[in-house]
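Chain and residue survey
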Amino acid sequence: MIKQILPIVVAACVAPCFAAEGWITDMDAAKKQAAEQKKDLMIEFTGSDWCPPCMQLRANVFSKPDFQKEAQKNFVLVELDYPRGKEQSKEMKAANEKLAQQYGVRGFPTVVFADASGKPFGGFVGGRSGDDVMKAMQDALKNKEALNAAEANVAKAATDEAKVAALMEVLKLAPQEYVDNFYGDVKAEIKKLDKDDKSGLKAADALSDQLKKERKDVQNYLAGKLTDKTTPAEALQVVKAYPDRDKLLPETQQELLMMEFGTYLNSTGDVDGAVLILDKVAELKPGTEAGMQAPRIKAGILANKDKIKAQIAAAKKAQGK
């Protein structure tokens, strides 16, 4: 199942509002400061009191003076927190939830590199070492330079065809997870100029819309049939019974197969059979996220086959099966 995480000025704070030293908690105040100082934004979405990778990232990287000194050369640092125990005003909760939806946050920590208006040009999800964070930051800045150059080419384009090509380069360089929410104007301009869809953007968007619909249908189907009391064996039958699977897009079929893989392995303990499901995923469409992930999972399973079997057997024994 795809996880979903549900700008108001924070009235309880005196702007700018600060978290740990050097970090601002008010997005509007951060944008204002970034614009005044001609800097970009480094936005951290964190669960500061419950998320272990978030805590490690804060303790090992973000709180270090050397990192802050280097980062603040180009960025205003923004912390958007989603705590479970720490007190937080209703206004801040509402503001942060809205921002999480706007940036499509699906996991913590999520770090976004954006311009002073909040438009992303890079980022990463998950814990990182200090060196990895610094590399991600430098890579993002290089990508921003490339985006600026591509946008300059749009302005210089003499024909609609040249302008479409330049706009497509902007979309190519934009972080793909943020295109719909932050680069919609670029897509709209391409569609306006490219009436015959030579770029393929209209067809790609139609495919994306179909994929979103199918994923939503799968979510609704599973939500109506699975509960906390559903056993892996029962869940396996539910997933396998999804209607007209062969008529779905390959990406959706792969996601159903990945669910089938997990429930099959947990319910049967049959590692070899589970690996065959992963093979189906990879064969269906190799270049997708699932298609690339399946061989890596297979390699990990085969390298730890006996250990995995023992763990599943122990879990079943503990449940009295």
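So, a few notes on the structure that sits alongside this text.

Roughly 190 Å³ of internal volume is contained in the second largest pocket. Around the second largest pocket, the lining residues are Asp160, Glu161, Val164, Ala165, Leu193, Asp194, Lys195, Asp196, Lys198 and Ser199. Of all the elements, helix H6 (residues 160-173) adds the most residues to the lining of the second largest pocket, at four residues. A breakdown of the residues in the lining of the second largest pocket according to their chemical character gives three nonpolar, one polar and six charged.

All right, on to the pairing of strand E2 (residues 40-46) then. Buried residues dominate E2, accounting for seven of its seven residues. Because side chains alternate across E2, one face comprises the buried residues Asp40, Met42, Glu44 and Thr46, and the other comprises Leu41, Ile43 and Phe45, equally buried. Summarising the sheet, E2 and strand E3 (residues 75-81) pair through seven bridges and their orientation is parallel. The partner of glutamate 44 across the bridge, within E3, is glutamate 79. Bridge count for E2 against strand E4 (residues 110-114) is five bridges, and the pairing is antiparallel. If you follow leucine 41 over to E4, its bridge partner there is alanine 114.

The full count for this structure, using the stated rule, is 18 salt bridges. A salt bridge links lysine 86 to aspartate 81, with the nearest nitrogen and oxygen atoms 3.2 Å apart. What makes lysine 86 partly exposed here is its relative accessible area of 43%. Given the relative accessible area of 5%, aspartate 81 is considered buried.

Now for unusual backbone geometry. For the peptide bond that leads from phenylalanine 108 to proline 109, omega is -10 degrees, which places it in the cis range. In this structure, proline 109 sits in the loop between helix H4 (90-102) and E4. Although it is not a glycine, lysine 38 sits at a positive phi angle of roughly 55 degrees. Tracing the backbone through its elements, the reader meets lysine 38 in the loop between helix H1 (27-37) and E2. Here the phi dihedral of aspartate 244 falls at roughly 55 degrees; this positive angle occurs in a residue that is not glycine. Tracing the backbone shows aspartate 244 in the loop between helix H10 (232-240) and helix H11 (250-268).

With that out of the way, let us pick up the packing of aromatic side chains. Within the structure shown, the criterion is met by 12 aromatic pairs. For the ring pair phenylalanine 75 and phenylalanine 113, a centre distance of 5.3 Å and an interplane angle of 50 degrees mean the geometry is tilted. Remark: phenylalanine 113 occurs in strand E4 and phenylalanine 75 occurs in strand E3; sequence separation between them is 38 residues. The pair formed by phenylalanine 75 and phenylalanine 113 is uniform in burial state, with each residue classed as buried. Here the aromatic rings of phenylalanine 113 and phenylalanine 124 are separated by 6.4 Å at their centres, their planes lie at 50 degrees, and the arrangement is tilted. Here phenylalanine 113, found in strand E4, pairs with phenylalanine 124, found in strand E5 (residues 120-125); they are 11 residues apart in sequence, far enough to count as distant. An aromatic cluster is present here, built from Phe45, Trp50, Tyr82, Tyr103, Phe108, Tyr178 and Phe182 joined pairwise through their rings. The residue whose ring lies beneath arginine 58 is tryptophan 23, and the NZ or CZ to ring-centre distance is 4.4 Å. Directly above the ring of tryptophan 50 sits arginine 84, whose terminal nitrogen or CZ lies 3.7 Å from the centroid.

This part is about the side chain of aspartate 197. You can see aspartate 197 is positioned in the loop between helix H8 (184-193) and helix H9 (201-223). Despite its burial, aspartate 197 pairs with no opposite charge; the closest candidate is lysine 202, at 5.9 Å N-O. In this structure the side chain of aspartate 197 is engaged in a polar contact, spanning 3.0 Å, whose partner is the backbone nitrogen of leucine 201. For aspartate 197, the side chain forms a polar contact with the main-chain nitrogen of lysine 202, separated by 2.9 Å. Setting aside anything within four residues of it in sequence, one finds aspartate 197 in contact with Lys202 and Ala203.

Ile43, Phe45, Tyr103 and Phe113 are the most contacted members of the largest nonpolar core, which totals 57 residues. No other element matches helix H5 (residues 130-156), which puts eight residues into this core.

Turning our eyes to something else, we now look at H6. Since one α-helical turn is 3.6 residues long, residues separated by three or four positions face the same way. Given a rise of 1.5 Å per residue, 14 residues ought to cover 20 Å, and the 20 Å separating the end C-alpha atoms of H6 matches this to within 8%. By the burial criterion, the buried members of H6 are Val164, Ala166, Leu167, Val170, Leu171 and Leu173. Of the surrounding secondary structure, the elements contacted by the buried residues of H6 are H5, helix H7 (179-182), H8 and H9.

Mapping glutamate 145 onto the fold places it in helix H5. For glutamate 145, a relative accessible area of 58% puts it in the exposed group.

Bringing the environment of valine 164 into the picture now. Within the fold, valine 164 resides in helix H6. Taking the C-alpha atoms as reference, valine 164 lies 8.1 Å from glutamate 189; in sequence the two are 25 residues apart.

Definitions and cut-offs
- Residues numbered from 1 in each chain as written.
- Predicted model: local features only at pLDDT ≥ 70, side-chain atom pairs only at ≥ 80, totals over all residues.
- Heavy atoms only, no water.
- 1 Å grid on protein atoms, 1.4 Å probe; cavity = no way out; pocket = protein on both sides within 12 Å on 5 of 7 lines; lining within 4 Å.
- Points joined across faces, edges and corners; volume = space filled by probe spheres on them.
- Helix = DSSP H or I, 4+ residues; strand = E, 2+ residues; numbered from the N terminus.
- Nonpolar A, V, L, I, M, F, W, Y, C, P; charged D, E, K, R; others polar.
- Buried < 20%, exposed > 50% of the residue type's maximum accessible area, 1.4 Å probe, protein only.
- Pairing = 2+ DSSP bridges.
- Salt bridge = Lys/Arg side-chain N within 4 Å of Asp/Glu carboxyl O.
- Phe/Tyr/Trp six-rings, centres within 6.5 Å; stacked < 30°, edge-to-face > 60°.
- Lys NZ or Arg CZ within 6 Å of the ring centre and 35° of its normal.
- Lys, Arg positive; Asp, Glu negative; His and termini not counted.
- Polar contact = N/O pair within 3.5 Å; in protein donor to acceptor, adjacent residues only side chain to side chain.
- Contact = heavy atoms within 4.5 Å.
- Core = buried A, V, L, I, M, F, W, Y, C linked by side-chain atoms within 4.5 Å.
- Expected span 1.5 Å × (residues − 1).

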